[in-house]
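Structural characterization, general
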Amino acid sequence: MASADDARKVLVVDDDADWREFLRLCLEELGYEAIEAANGQEALDSLARQRYGVMLLDLNMPGMNGLEVLERMPRGDPPRVVLLTAAAVQDVGGALRSGPHYYLPKGASRDQLSLLLQSLNV
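Summary of the structure given here. (Residues numbered from 1 in each chain as written. Predicted model: local features only at pLDDT ≥ 70, side-chain atom pairs only at ≥ 80, totals over all residues. Heavy atoms only, no water.)

Some thoughts on the nonpolar core
Side chains of a nonpolar character, in soluble globular proteins, are inclined to be buried together. With 19 residues, the main nonpolar core has Leu 27, Val 54, Leu 56, Leu 113 and Leu 117 as its most contacted residues. Those elements that provide at least two residues to this core are β1 (9-13), α2 (17-29), β3 (54-58), β4 (80-85) and α6 (110-119). Here this core gets four residues from one element, more than from any other, and that element is α2. Contacts of Val 54, omitting those with residues within four sequence positions, involve Lys 9, Val 10, Leu 11, Pro 79, Arg 80, Val 82, Leu 117, Leu 120 and Val 122. (Core = buried A, V, L, I, M, F, W, Y, C linked by side-chain atoms within 4.5 Å. Buried < 20%, exposed > 50% of the residue type's maximum accessible area, 1.4 Å probe, protein only. Helix = DSSP H or I, 4+ residues; strand = E, 2+ residues; numbered from the N terminus. Contact = heavy atoms within 4.5 Å.)

This is the structure in structure tokens:
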């Protein structure tokens, strides 16, 4: 079972360095510990090393995309997954139905991120 400290850890997975940095800075301002991964393999390696309360996961990355990361994630006590994409929510319906996932559009504000995390109780 994840500890309270683990719940405040967020893995940010996105190939866009500027968006990843924006999310990390917002998370840190909100009191979370944010760890960055630039691609799917980095995300899986990080998930194998430590637990996270939440993973912000880009769906459209070169190489291993977000759906492939979801399929290969370690079992056990997985983080809550928030899908990041520039696509409209209706275009990511399949991914949202693949598990208890959440959605945050790319370009979301710090306040939108904060509300989403509050709704996840983390």
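A word on the sheet that holds β3
Strand order in the open sheet made by the five strands is β2-β1-β3-β4-β5, with parallel pairing throughout. Lying at the two open borders of the sheet, with one neighbouring strand each, are β2 (33-37) and β5 (101-105). Averaged over all pairs of adjacent strands, the angle between strand axes in this sheet comes to 20°, irrespective of strand direction. Pairing analysis gives five bridges linking β4 to β5, with the strands arranged parallel. Bridge pairing in β5 links Thr 85 to Pro 105. In the packing of α2 onto the sheet, the strands contacted are β1, β2, β3, β4 and β5, and the crossing angle to β2 comes to about 165°. Across the sheet, α6 is in contact with β3, β4 and β5; its angle to β5 comes to roughly 170°. (Pairing = 2+ DSSP bridges. Axes fitted to C-alpha atoms, helices over the stretch in contact; angles between N-to-C directions.)

Things to note about the packing of aromatic side chains
Applying the stated criterion to the full structure yields one aromatic pair. Aromatic pair Trp 19 and Phe 22: ring centres 5.5 Å apart, planes at 20°, arrangement stacked. Of this pair, Trp 19 and Phe 22 both sit in helix α2, three residues apart, roughly one helical turn. Overall, the relative accessible area of 9% leaves Trp 19 in the buried class. For the cation-ring pair, Arg 8 lies above Tyr 32, with the distance from its terminal atom to the ring centre recorded as 3.9 Å. (Phe/Tyr/Trp six-rings, centres within 6.5 Å; stacked < 30°, edge-to-face > 60°. Lys NZ or Arg CZ within 6 Å of the ring centre and 35° of its normal.)

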